[in-house]
Structure formats: C-alpha cells, structure tokens
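Each chain, written out:
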Amino acid sequence: MQTAAQQVALSREQVIALTSEWKGERLPDGRPNVADNLLARLKNISLEEAWGVLRNAGYNNQFEGDWMILKPGQALVGRALTVQYLPKRQDYDNAIKAKGKEESRIGGFNSWPIDMLKPGDIYVADGYGKIIDGTLIGDNLGNSIYTKSKNGVIFYGSVRDTEGLEKIEGFNAWVKGYDPSYIQEMMLGGINVPIRIGRATVLPGDAVLAKKGGIVFIPAHLVADVVINAEFIALRDMFGHQRLREGKYTAGQIDQQWSDDIKKDFLQWLDQNPDKLPMSRSELDVFMKKRTW
C-alpha cells in the first residue's frame, strides 16, 4: 500500500470514504457534487444564518474571519478543492515531486491543483499563514485558475501580483496577505486532503460561502439543510418586519413562539407572495411539516 508521502492527491475511493455522509452525485475525483442551484441559493444567505444552522447541527469549527479580500463587494461560493502546503522538508518534498513526475504532472507543485479544477470549484489552500515567500499564486496562475474553475481562491497564505489579479473579471480571492516575493521553502503536502483554515476544518467537496465578514465551510451533506433553514428564517423575518411596520403585532408577539393565528397569517402571506419564495412551495411545505416553528 502506498504511504501518504507517496501520494499527491487522495484517490477517488479515499475521498468517498472521507465524505461518506454525502449520498448524492460525485465529481470524477470523488468529491461531493453539490448542485449548482443550491450553490446559487447559498450565495444569498448570510454568514450568520449559515453559521447558526451548522452550530445547531454540532459543527462548531467551520468559520474563519479576518481576511484580505481582493474584491470585497463580491461574494464567492463553490465546491472546495483542498490543498495542503507545508514548510519544506527535503525527503518528503523529493517523494512528492517523484510521484508527481510519475503521474505526469506539469510545472511547479503549486500549479498541480489548478489542473484538477472543474467549473464551480474553489481552490482552498492551507499555506500555514506564510506571507513572505508564501505567495501561492500571481496573476499568471490566477488566470489559469479562473479559466478552469470560473471561480476564485481561498488561501491561508499570501499572493503576489494583486494588481494583475484584480483585472481578472469574475475572479476573487480571500487571502491572509500580499507580498511581492516568490514562493520559497514550501512544499506540497497533499491535494483533496483534510486541511485546517484558521479556526475551521475543511474537507474536499465542502461548500464554501465567502463574504466580506469571512468564510463558512459547509459539509456537503448539510448544504441543503443550511439553505432551506436560512431561507425559511429569512421569510419569517420578512413577514414579521412587514407586520410590525403595519402595527398588526407587537415585537413581543413576533419575537416569541408564534400563536396559531400568527402561523395562519404567515401561511396566507406566503400564498399571497409567491415571488418572495427562493424555494419551491412544495419544498417549503415539506420543510415546515418537520420544523417546530
């Protein structure tokens, strides 16, 4: 059996075993293939809403804040392709490079994950916070990343050539810093392996929700729950705010467990405002049957 030091990326079977709670379709490399329509809906959800649902499910270590953002006004969502970098150690570095050569991987090791990217992927890398000589990409690799993924990057490390990166239409980056230096004394630890991004643990195929305030990494099997719960809370809030403005209910009535009359009013409001529903009505009805308001 191969040792971890001789593998560049986990095999499809290993990734499936690592993400066994996901029961849906998978990408060719084994990562969970969270549906595009769920990712599109996820983009409209706040960090607090996503974080709250994960906390209630017992996932307490899925957020990291304090980022330098290339384009702060643009949110980023996608499926994580995870990459681990480590301080260079010659014997391990030799083993990884030999395996990469055997697998016909081209260029520097920091370009190998780029060749694996699919549309909708986000290159998520643990660069162990290295800023000087820890620049994982510049504008050349940034253009290649966007060509492959039509998405951006999240690096617990740094980048160079930010002026060039900013010119890539549609590309965005959450990084821990900028430096004009080249990458040095780093090596590739592995691709599609579990990684640490600050306070968070990230697995390959996690759904990424990156906004101005930070990033929530959502286990693939919980994405649908996060989306529908957050969308329902947003609808409840929209209804409650409207009724408070109208003076129909007091803040105390809206903030506590709703009475049967308020619930009935809410259901009628949903019927009257189908354009406000981000989900199908049938999906919402199934959800409400399970929820204890």
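As the structure is a prediction and not an experimental result, all values here were calculated from the model.

Criteria and thresholds
- Residues numbered from 1 in each chain as written.
- Predicted model: local features only at pLDDT ≥ 70, side-chain atom pairs only at ≥ 80, totals over all residues.
- Heavy atoms only, no water.
- Axes fitted to C-alpha atoms, helices over the stretch in contact; angles between N-to-C directions.
- Helix = DSSP H or I, 4+ residues; strand = E, 2+ residues; numbered from the N terminus.
- Parallel < 35°, antiparallel > 145°, perpendicular 65-115°, else oblique.
- Contact = heavy atoms within 4.5 Å.
- Nonpolar A, V, L, I, M, F, W, Y, C, P; charged D, E, K, R; others polar.
- Buried < 20%, exposed > 50% of the residue type's maximum accessible area, 1.4 Å probe, protein only.
- Salt bridge = Lys/Arg side-chain N within 4 Å of Asp/Glu carboxyl O.
- Lys, Arg positive; Asp, Glu negative; His and termini not counted.
- Polar contact = N/O pair within 3.5 Å; in protein donor to acceptor, adjacent residues only side chain to side chain.
- Arc of directions from axis to C-beta.

Engineer: A description of the packing of helix 8 (residues 223-246) against helix 10 (residues 260-272) should follow, citing residues and the corresponding values.
Structural biologist: Close contact between helix 8 and helix 10 brings their axes to 11 Å; oriented N to C, the two are set at 105°. By the angle between their directions, the pair helix 8 and helix 10 is classed as roughly perpendicular. On helix 10, the residues that touch Phe-232, Leu-235, Arg-236, Met-238, Phe-239, Gln-242 and Arg-243 of helix 8 are Ile-262, Asp-265, Phe-266, Trp-269 and Leu-270. For the contact of helix 8 with helix 10, a count of residues per class yields eight nonpolar, one polar and three charged.

Engineer: Before we move on, can you summarise the environment of Glu-48 with the specific residues and values?
Structural biologist: The topology assignment puts Glu-48 in helix 3 (residues 47-56). We classify Glu-48 as exposed; its relative accessible area is 60%. Along the chain, Glu-48 and Val-216 lie 168 residues apart, while their C-alpha atoms are 9.1 Å from each other.

Engineer: Quick rundown of the environment of Ile-262? Include the residues and the values.
Structural biologist: Of note, Ile-262 is situated in helix 10. According to the relative accessible area criterion, Ile-262 is buried, its value standing at 3%. On a C-alpha basis, the gap between Ile-262 and Tyr-249 in space is 8.8 Å, while along the polypeptide they are 13 residues apart. When neighbours within four sequence positions are excluded, Ile-262 is seen to be in contact with Phe-239, Tyr-249 and Gln-253.

Engineer: So what about the pattern of salt bridges? Which residues, and what values?
Structural biologist: The full count for this structure, using the stated rule, is 16 salt bridges. Two residues, Arg-41 and Glu-231, come together in a salt bridge whose shortest N-O distance is 2.7 Å. Taken together, the residues span a long stretch of sequence, with Arg-41 in helix 2 (residues 36-42) and Glu-231 in helix 8 at a distance of 190 residues. Of the two residues, Arg-41 and Glu-231, both sit in the buried class. Residue Asp-265 is joined to Lys-248 by a salt bridge in which the shortest nitrogen-to-oxygen separation is 3.3 Å.

Engineer: Any details on the side chain of Asp-126? Residues and values, ideally.
Structural biologist: Mapped onto the elements of the fold, Asp-126 is located in strand 4 (residues 121-126). With no salt bridge to any partner, buried Asp-126 finds its closest opposite charge in Arg-196, at an N-O distance of 6.7 Å. A polar contact of 2.8 Å, which involves the side chain of Asp-126, links it to the backbone nitrogen of Tyr-128. With residues near it in sequence (within four places) discarded, Asp-126 still touches Val-83, Gln-84, Tyr-85, Tyr-156, Ile-195, Arg-196 and Ile-197.

Engineer: Can you tell me about helix 11 (residues 281-290), naming the residues and giving the values?
Structural biologist: Every buried residue of helix 11 is accounted for by Leu-284, Phe-287 and Met-288. Each buried residue of helix 11 sits inside an arc of 100° when the element is viewed along its axis, so together they form one side. Opposite the buried face of helix 11, by more than 90 degrees, sit the exposed residues Ser-282, Lys-289 and Lys-290. Buried residues belonging to helix 11 abut helix 8 and helix 10.

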